[in-house]
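Okay, here's what each chain looks like letter by letter:
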Amino acid sequence: ITPNRLAEGYGAVIKYQCANRVCESGTNVPVVLVRSFNGKSDTLTTHTIPIFAGHSSVSFSDSISTFGLLGNVLYTVTVNPNQALNEQLAFNNSASANLSVLRDSLKPRLDLIFDGHHINSGDFVSSKVQINARLFDQNAIRVTDTASIGMMLVRLDPPSTIPIFFKGSFVNDSLTSTFSSLPTGAIQANLLVDPTKPIIAGTYSLTAFASDASGNRADTIETEFVISGKQGVDRVMNYPNPFKDKTSFTFILQSAEQASVKVVVYTIAGRKIRTLYLDPAHQRVGLNAVEWDGRDENGNEIANGTYLYKLVMSGKNDDGSDASDAVLERAVKSR
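Note that the structure is a prediction, hence the values are computed from the model and not measured.

**What to know about the overall build of the protein**
Link 1 in the chain: A count of helices and strands for the protein gives zero helices and 24 strands.
Link 2 in the chain: Compactness check: the protein gives a C-alpha radius of gyration of 33 Å against a globular reference of 20 Å for 335 residues, more than 25% above the reference.
Link 3 in the chain: Considered along the principal axes of its C-alpha atoms, the protein spans approximately 110 × 55 × 25 Å.
Link 4 in the chain: The buried share of the protein, taken over its 335 residues, is 43%.
Link 5 in the chain: A total of about 18200 Å² of accessible surface is found on the protein, and carbon and sulfur atoms cover 50% of it.

**Quick notes on the pattern of salt bridges**
Link 1 in the chain: Throughout the structure, instances matching the rule amount to ten salt bridges.
Link 2 in the chain: Among the ionic pairs, lysine 333 bridges to glutamate 301, the shortest N-O distance being 3.3 Å. One end of the pair, lysine 333, is in strand E24 (residues 322–333); the other, glutamate 301, is in the loop between strand E22 (286–292) and strand E23 (305–316), and 32 residues separate them in sequence.
Link 3 in the chain: The buried category is assigned to lysine 333, whose relative accessible area is 2%.
Link 4 in the chain: Salt bridges sharing common partners tie together Asp123, Asp234 and Arg235.

**Observations concerning the sheet that holds strand E13 (residues 170–171)**
Link 1 in the chain: Read across the sheet, five strands follow the order E8-E10-E15-E14-E13 without closing on themselves; strand pairing throughout is antiparallel. What marks the edges here is a single partner per strand, and that holds for strand E8 (109–114) and E13.
Link 2 in the chain: The sheet contact formed by E8 and strand E10 (residues 131–136) spans six bridges and is antiparallel. Across the sheet, residue arginine 109 finds its bridge partner in E10, namely phenylalanine 136.

**Some words on unusual backbone geometry**
Link 1 in the chain: In this structure, proline 158 follows aspartate 157 across a cis peptide bond, with omega equal to -5°.
Link 2 in the chain: Positionally, proline 158 belongs in the loop between strand E11 (149–157) and strand E12 (164–167).
Link 3 in the chain: For the bond running from tyrosine 239 to proline 240, omega is -5°, close enough to zero to count as cis.
Link 4 in the chain: Counting through the fold element by element, proline 240 comes out in the loop between strand E18 (233–239) and strand E19 (247–253).
Link 5 in the chain: With a phi close to 55°, arginine 235 is a non-glycine residue in the positive phi region.
Link 6 in the chain: Structurally, arginine 235 is set in strand E18.
Link 7 in the chain: A relative accessible area of 43% places arginine 235 in the partly exposed class.

**Concerning the nonpolar core**
Burial of nonpolar side chains together is a common tendency in soluble globular proteins.
Link 1 in the chain: The biggest cluster of nonpolar side chains holds 27 residues, and the ones touching the most others in it are Leu112, Phe114, Ile131, Ile149, Met151, Leu206 and Phe225.
Link 2 in the chain: Within the residue set of this core, elements represented by two or more residues are E8, E10, E11, strand E14 (175–181), strand E15 (187–195), strand E16 (202–210) and strand E17 (221–227).
Link 3 in the chain: Of all the elements, E16 adds the most residues to this core, at four residues.

**Notes on the pairing of E23**
Link 1 in the chain: Of the pairings in the sheet, the one linking strand E20 (residues 259–267) to E23 comprises nine bridges and is antiparallel in character. Bridged to valine 264 within E23 is lysine 310.
Link 2 in the chain: Sheet analysis places E23 next to E24, joined by twelve bridges and oriented antiparallel. Its bridge partner being in E24, glycine 315 is matched across the sheet by alanine 323.

**Details of the environment of arginine 271**
Link 1 in the chain: Within the secondary structure layout, arginine 271 lies in the loop between E20 and strand E21 (272–277).
Link 2 in the chain: The sequence separation of arginine 271 and alanine 201 amounts to 70 residues, and the corresponding C-alpha distance is 40 Å.
Link 3 in the chain: Excluding residues that lie within four positions of it along the chain, arginine 271 makes contacts with Val265 and Tyr266.

Rules and cut-offs
Residues numbered from 1 in each chain as written. Predicted model: local features only at pLDDT ≥ 70, side-chain atom pairs only at ≥ 80, totals over all residues. Heavy atoms only, no water. Helix = DSSP H or I, 4+ residues; strand = E, 2+ residues; numbered from the N terminus. Rg over C-alpha atoms; globule rule 2.2 N^0.38 Å. Buried < 20%, exposed > 50% of the residue type's maximum accessible area, 1.4 Å probe, protein only. Areas by Shrake-Rupley, 256 points an atom, 1.4 Å probe, with all protein chains shown as cover. Salt bridge = Lys/Arg side-chain N within 4 Å of Asp/Glu carboxyl O. Pairing = 2+ DSSP bridges. Core = buried A, V, L, I, M, F, W, Y, C linked by side-chain atoms within 4.5 Å. Contact = heavy atoms within 4.5 Å.

These results come straight from atomic positions and should not be treated as a statement about function.
Below, the structure is given as structure tokens:
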């Protein structure tokens, strides 16, 4: 049996050879493979050798499954079982081999994405955010149990004493969850949480937990996110700073509502040299970036020194009212 020691769910191959040690030929000779496990025996395969010539041999190869098996499994091959054909000596008609099946012990990995992106704890997300808990596992036994992935959502500010638990299919007046198992690939299962209406503004704590089909638990994920009903910018900076040839102006947009964002670059004396815009197609709640190639409006490379830049945002709040924000920072060009 190859391999003769493996984790449950993985397949093995058993190879065996039957030899006719006498001169006479046999016809329609049966060959049976029997599995013995936990005091029970069952026939896995039956082959027939149509013409078994004298002093010849015939080889077989069978694939065997280990699903539902844990421990030592005995496989026995028997030629001409129950003396179906007349035979004087049958003491050497059987051969056996053991297979050791182990419980899978590899820890699965749990992953959280928000509207298709990873976030840092404390980041802003949309009030209509879709949260996806994905279970990665190398276990050959695929996850099918709808309780394999769970999440707990708690509003921290303003505080709420009632957590919401998600497992399998869940529906309340504002949120739903859907479990799905995948037949192939590294991701074995997903738990999707979707709001049916905008989530109330506030700071939330989310805890996600999961286990694979063998009961191995993934590391629990605990994170926080913020939903803001008002559009604004936060954590404005450029990286790298100082920079040699180019830098990116990064910032957080606090709401998913559409906004117009521009970065105006000035000399230290206040002369405007470049205006850059955030591509609306790439705008999202959370982290955004606008890249600067270190050149002015005429395409000339700027000199070394300190420059001022002003990030200006104008847009709408969730309630449709106007929103605006501006932040002034410094960038240093240094070769």
